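Working through the structure, step by step
Here is what each chain is made of, one letter per residue.
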Amino acid sequence: MAALDGIRIVDLTQWEAGTSCTQLLAWLGADVIKVEPPAGDPGRRLISERPDADSIYFLMFNANKRSVTIDLKKERGRELLRKMIAGADVVAENYANGVLEALDLGYDAMKAIKPDIIHASVKGFGSWGPWADYKSFDMIGQATGGVLAVTGTPETPPLKPGVTFGDSGAGVHLGMAVLAAYIERLRTGRGQSVEVSMQDAMFNFMRSALMGHYLTGGIPAMRYGNRMGLLCPTDLYPTRGGGPNDYIYLMVSTLRMWHALLDAIGHGDLKGNADYE
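Being a predicted model, the structure only gives us computed values, none of them experimental.

Here the focus is the sheet that holds strand β5 (residues 118–123). With parallel pairing, 6 strands are arranged side by side in an open sheet as β3-β2-β1-β4-β5-β6. Two strands in the sheet have a free side with no partner beyond their single neighbour: β3 (66–69) and β6 (192–197). Across the sheet, the mean angle separating the axes of adjacent strands is 20 degrees when strand polarity is ignored. With 3 bridges connecting them, strand β1 (residues 8–11) and strand β4 (residues 90–93) associate as parallel partners.

On to helix α3 (residues 75–86). For α3, with 12 residues, the first-to-last C-alpha span of 17 Å sits near the 16 Å given by 1.5 Å per residue. Contacts made by the buried residues of α3 are with β1, β2 (31–36), β3, β4 and α5 (107–113).

Looking at the secondary structure, you find T19 in helix α1 (residues 17–27). Within the structure, the side chain of T19 is placed 3.0 Å from the side chain of T13, a separation counted as a polar contact. Sequence-distant contacts of T19, defined by excluding residues within four places in its chain, comprise T13, Q14, K34, F61, N62 and K65.

With that settled, consider helix α11 (residues 255–264). All of the buried residues in α11 are W258, L261 and L262. Mapping the buried residues of α11 onto a view down its axis gives an arc of 100 degrees, with all of them on the same face. Exposed positions of α11 whose direction lies more than 90 degrees from the buried face are R256 and A264. Against the buried residues of α11 lie β8 (247–250). Following α11 by one or two positions, G266 has its phi on the positive side, about 75 degrees.

Next up on the list: the layout of surface pockets. Empty space within the second largest pocket amounts to approximately 450 Å³. N94, Y95, A96, K135 and S136 are, among the 22 residues lining the second largest pocket, the residues nearest its centre.

For the coordinates displayed, the defined rule picks out 1 cavity of 30 Å³ or more. In this model, the largest cavity occupies a volume close to 40 Å³. Lining the largest cavity are L4, I7, I9, L25, A30, V90, V178, L179 and Y182. Tallying contributions element by element places helix α7 (residues 165–188) first for the lining of the largest cavity, with 3 residues.

Regular strands place side chains that alternate from one sheet face to the opposite one. Here β4 shows a buried face lined by V90 and A92 and a second buried face lined by V91 and E93. In terms of strand pairing, β4 meets β5 through 4 bridges, oriented parallel. Paired with A92 across the strands is A120, a residue of β5.

Evaluation of the coordinates by the stated rule reveals 16 salt bridges. Across the pair K271 and D263 runs a salt bridge whose closest N-O atoms are separated by 2.9 Å. With relative accessibility at 47%, the residue D263 sits in the partly exposed group.

We now examine the confidence of the model for the protein. Note: predicted coordinates in regions of low pLDDT should not be interpreted at a detailed level. A residue-level look at the protein finds 95% of positions with pLDDT of 70 or above and a mean pLDDT of 89. Per-element mean pLDDT across the protein ranges from 61 in helix α10 (residues 214–217) up to 98 in β1.

For the rest of this paragraph, the subject is the environment of Y276. Along the chain, Y276 turns up in the segment after α11. Once the C-alpha coordinates of Y276 and I219 are considered, the two residues, 57 residues apart in sequence, prove to be 28 Å apart. The residues touching Y276, leaving out its near neighbours within four places in the chain, are W258 and L270.

About the thresholds
- Residues numbered from 1 in each chain as written.
- Predicted model: local features only at pLDDT ≥ 70, side-chain atom pairs only at ≥ 80, totals over all residues.
- Heavy atoms only, no water.
- Pairing = 2+ DSSP bridges.
- Helix = DSSP H or I, 4+ residues; strand = E, 2+ residues; numbered from the N terminus.
- Axes fitted to C-alpha atoms, helices over the stretch in contact; angles between N-to-C directions.
- Expected span 1.5 Å × (residues − 1).
- Contact = heavy atoms within 4.5 Å.
- Polar contact = N/O pair within 3.5 Å; in protein donor to acceptor, adjacent residues only side chain to side chain.
- Buried < 20%, exposed > 50% of the residue type's maximum accessible area, 1.4 Å probe, protein only.
- Arc of directions from axis to C-beta.
- 1 Å grid on protein atoms, 1.4 Å probe; cavity = no way out; pocket = protein on both sides within 12 Å on 5 of 7 lines; lining within 4 Å.
- Points joined across faces, edges and corners; volume = space filled by probe spheres on them.
- Salt bridge = Lys/Arg side-chain N within 4 Å of Asp/Glu carboxyl O.
- pLDDT = per-residue confidence, 0-100.

Set out below in structure tokens:
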């Protein structure tokens, strides 16, 4: 029996941030029902390999879910969704601020249908504050959260990270918030609305990068390339083969690790050498 067996989630998310949250919960056993517009989730057609098949992108983030199409622009469709909410534990969404409220399907409307419902929302910059109405994609969340500022080398402009921290990172944060809300509901019988801002999630990932510079000295965080600050030989080094990914990463952060590395490469004689320690 999976951990979340018996929990039903109505999934109103699209693209990746909210969708990665609901997929994570589905892998843990939740019954996730994805509600798509009549044309289908836009991710189904993103870089589609075949015109008659869903894209790999869509499948990567929506495997292990069930899907239904509902036209929420029509009252009949909204009534169908209300019936689904009545039988759900969680409703997850990543609509722009005000969209669900305009359809009379916001959190207050959900509570009227099912008082203990858990509403889970991921936004670029939250539902309040001066940036609340700005939309966001993965790289916008990373850029405004500071991730690009510490990615790259001192000699180059900031670089785009190769993974989608902004989307999937926010989704993981939201998944944890949903589980916390569900545990609280078990204790109190009350539901609640939980929200994750992509920018805030990125700032949470930035704690270590900020620690050594901005928080202690008030100067902007720095880019070190593949190194970990001034630690050496903590860096990326080419290996035999010469292929695009034939590298090894060494992580040496203590004197004990340094001595172990010297032993491994046959240079134990350098232990205690002031030029290296």
